[in-house]
Amino acid sequence: MTLELDTPAPEAPDCADDGTWLACIECDETFAPFSAVRYTCDECDGLLEVRYDDPPTFDDFGAGASTEGPDRGVWRYREALPFELGVTLPEGDTPLHEVPRLEESVGVETLRIKHEGMNPTGSFKDRGMTVGVRVAEELGVGALACASTGNTSAALAAYGGRGGMETLVLLPEGKVAAGKIAQASLHGARILEVDGNFDACLDIVQELAARGEAYLLNSLNPFRLEGQKTIGFEILEAFEADYGTYPDRIVLPVGNAGNTSAIYKAFRELVQSGAMDPAEVPKITGVQAAGAAPMVEAIENGADEVRRWEEVETRATAIRIGNPVNAPKALPGIRNTGGTAVAVEDEAITEAQRDLAEEGVGVEPASAASVAGLRKLRDQGVVDDDEQVVCLTTGHLLKDPDAAYEAGRKPEPVANDVEAIVELLQD
Ligand code: F0G
């Protein structure tokens, strides 16, 4: 298979700042990266992407250190980022868990779990926020905003707060897990609960940002994806260290499709620099909940555009999204790497959440979708038994305590009495 990955590295246009610029993925128009606040192309409204004239090789990445600062986590990859260091808590360096029982029961040669729930606020959003807030500082903006299914709002509140900025979050009323609201609230965000779903919240916050009310830090902001790109680098480095090769496939949950786009960008840049052969690029495989699966629909139909689903529903509230704004970046990522997309029922998500928890890996429902999707694709024969796979789990179990309680064993009430307890334990 020939992979159509954009190579080689582009040449810097006149507007570039230190070899970095923004480019429209639709019409190729280029823009100076930090001269003005801009989220989409002035010419055609297409999505923007951060480009570099000197994409990274593995040798550019630091060796790593345990202390806070530029030598660990996301900022260890600073050669591939627009800045040297930003507001850091610190983020990245998440574990790549072995899960031998799950590996055996799914039936693949290797299964590792990249647990992004181990980031400071408990999700991968922290990687994007550390870079996004640094760019906000560069632009001199004092107020940040996002629409969110929960995790972005928690990360925005924490990183914005640490950066001394005002934070505003728009959440779909009644559809955000308790842990996430608690975080956004305590970290000091102003929280607006909107009578509508996430997509409606994003429409509104985009309009607020266009009117200059605040700097938008949803994944529509191309700088967010730069930080999230480091998940791809970390997986390749860690997997290679253990197995001497890269994984065949990376499976991840998809909502707005920002992470899918970011991981694809990591691989493309390594191919551009010559650090990676296109044939070695893992197959990017997206998973959505059956009740919110517009990306899966587009992949199955071979469509270039994703149809917006007005009605969406799933227990995995983090990915309860009907209009994945990053689809124009993510669809090529899935297709050009030979990946696919699959939808899973809520029951299968809960089952996978239990399977992971049994091996000590506590994740929220959306995260477990990756494992549920892998299992389904394996059952369908789309994934081979000799594949080496990494599943991404995007958020921590405690993000959604209600879902965890529903999925888990229930506490048993008992009298304050040893005999009563011993008797109960006989059952
Ligand atoms: N997993 C979790 C736990 C998430 O919170 C999200 C997105 C995704 C997966 C999907 O990632 O959007 O990059 O495809 N959460 C956003 C939020 C929408 O507001 O927290 P994506």
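The sections below set out a description of the structure shown in this document. Numbering of residues starts from 1 in each chain and follows the order in which that chain's sequence is written. With the structure being a predicted model, the display of local features is reserved for residues of pLDDT at least 70 and the display and counting of side-chain atom pairs for 80 or more, all residues being used for whole-chain, interface and lining totals. Based on all heavy atoms of the structure, the side-chain values leave hydrogens and waters out of the count.

### Notes on the overall build of the chain
For helices the rule is a DSSP run of H or I covering at least 4 residues; for strands it is a run of E covering at least 2, with both sets numbered from the N terminus onward. Within the chain, the secondary structure is distributed over 13 helices and 13 strands. The quantity called the radius of gyration is restricted to C-alpha atoms. Its globule counterpart is 2.2 Å times the number of residues to the power 0.38. Taken against the 2.2 N^0.38 rule, which gives 22 Å for 427 residues, the C-alpha radius of gyration of the chain at 21 Å falls within 12% of a compact globule. Dimensions of the chain, computed from the C-alpha atoms along their principal axes, are close to 80 × 50 × 45 Å. The cut-offs for exposure are 20% and 50% of the maximum accessible area for each residue type, with area from a 1.4 Å probe on protein chains only; residues under the lower value are buried, those over the upper are exposed, and the others partly exposed. When burial is assessed residue by residue, the chain has 57% of its 427 residues classed as buried.

### Brief notes about the layout of surface pockets
Using only the protein atoms, space was sampled on a 1 Å grid; points where a 1.4 Å probe fits but cannot get out form cavities, open sets with protein on both sides within 12 Å along at least five of seven lines form pockets, and lining residues are those with an atom within 4 Å of a point. Grid points are joined across faces, edges and corners, and a volume is the space filled by probe spheres set on the points. Volume-wise, the largest pocket comes out at about 690 Å³. Elements supplying a minimum of two residues to the lining of the largest pocket: β3 (48-52), α7 (258-272) and α9 (327-336). Broken down by element, the lining of the largest pocket gets its largest block of residues, seven residues, from α9. For the lining of the largest pocket, the class distribution of residues is 11 nonpolar, five polar and 10 charged. Residue lining of the second largest pocket: 15 residues in total, with Asp-18, Thr-20, Tyr-52, Leu-81 and Pro-82 positioned closest to the centre. Note on residue categories: nonpolar means Ala, Val, Leu, Ile, Met, Phe, Trp, Tyr, Cys or Pro, charged means Asp, Glu, Lys or Arg, and polar means any other residue, Gly included.

### Here's the deal with the site of the ligand
Any residue with at least one heavy atom within 4 Å of a molecule or strand is counted as near it. With respect to spatial proximity, 21 residues lie near the ligand, and among them Ser-148, Asn-151, Gly-255, Asn-256 and Thr-394 are the closest. Definition of a polar contact: a pair of N or O atoms within 3.5 Å, with one able to donate and the other able to accept a hydrogen when the atoms are protein atoms, and with sequence-neighbouring residues admitted only if both atoms are side-chain atoms. One nitrogen or oxygen atom from the main chain of Gly-255 is found 2.7 Å from an oxygen atom belonging to the ligand. A distance of 2.6 Å is found between a nitrogen atom of the ligand and a side-chain nitrogen or oxygen belonging to Thr-394. About the coverage of the ligand: the protein hides 99% of its 480 Å² of free accessible area. If you map the ligand onto the pockets, it falls in the largest cavity. When contributions to the shell around the ligand are tallied by element, the ones reaching two or more residues are α3 (151-162) and α7. A class-by-class count of the residues in the shell around the ligand yields eight nonpolar, 11 polar and two charged. We get accessible surface area from the Shrake-Rupley algorithm with a probe of 1.4 Å; when it comes to residues, only the shown protein chains can shield them. Grid points define the cavity or pocket, and a molecule sits in it when more than half of its atoms lie within 2 Å of them.

### Structural notes on the pairing of strand β10 (residues 249-253)
With five of five residues buried, β10 lies mostly within the body of the structure. Pairing between two strands requires that DSSP report at least two bridges joining them. Bridging between β10 and strand β11 (residues 283-289) involves five bridges; their strand directions are parallel. Bridge pairing links Val-251 to Thr-285 in β11. Across three bridges, the pairing between β10 and strand β13 (residues 388-393) is parallel. If you follow Arg-249 over to β13, its bridge partner there is Val-389.

### Re the packing of aromatic side chains
Each Phe, Tyr or Trp ring (for Trp, its six-membered ring) is paired with any other whose centre lies within 6.5 Å, and the angle between the two planes then decides the class: stacked below 30 degrees, edge-to-face above 60, tilted in between. Applying the stated criterion to the full structure yields nine aromatic pairs. Seen from their ring centres, Phe-34 and Phe-83 are 5.0 Å apart, and the 40° between their planes marks the pair as tilted. Residue Phe-34 is found in the loop between β2 (30-31) and β3, and its partner Phe-83 is found in the loop between β3 and β4 (96-98); the two are separated by 49 residues along the sequence. By relative accessible area, which is 14% here, Phe-34 ends up buried. Centre to centre, the rings of Phe-58 and Tyr-246 are 6.0 Å apart; their planes meet at 20°, and the pair counts as stacked. You can see Phe-58 sitting in the loop between β3 and β4 and its partner Tyr-246 sitting in the loop between α6 (222-243) and β10, a full 188 residues away along the chain. Considered together, Phe-58 and Tyr-246 belong to a single accessibility category, that of buried residues. In textbook terms, an aromatic cluster arises when at least three aromatic residues are bridged by ring pairs, as seen for Phe-58, Phe-61, Tyr-77, Phe-233 and Tyr-246. Over a ring means this: the NZ of a Lys or the CZ of an Arg is within 6 Å of the ring centre and within 35 degrees of the ring normal. Its end group placed over the ring of Phe-83, Arg-134 keeps NZ or CZ at 4.0 Å from the ring centre. Sitting over the ring of Tyr-405, Lys-410 keeps its end group 5.0 Å from the ring centre.

### With respect to unusual backbone geometry
For the bond from Leu-89 to Pro-90, the omega torsion is -10°, close enough to zero to count as cis. Following the sequence through the fold, Pro-90 ends up in the loop between β3 and β4. Even without being a glycine, Asp-28 presents a positive backbone phi close to 70°. Positive phi outside glycine occurs at Asp-93, with the angle close to 55°. Assignment of secondary structure puts Asp-93 in the loop between β3 and β4.

### Digging into empty space enclosed by the protein
In total, this model carries two cavities of 30 Å³ or more according to the counting rule given. Taken as a whole, the largest cavity holds about 310 Å³ of empty space. Elements represented by at least two residues in the lining of the largest cavity include exactly α3, α6 and α7. Space inside the second largest cavity adds up to approximately 70 Å³. Along the walls of the second largest cavity sit Pro-10, Glu-49, Val-50, Arg-51, Tyr-52, Lys-265, Arg-268, Glu-269 and Gln-272, which together make up its complete lining. Of the residues belonging to the lining of the second largest cavity, the class tally is three nonpolar, one polar and five charged.

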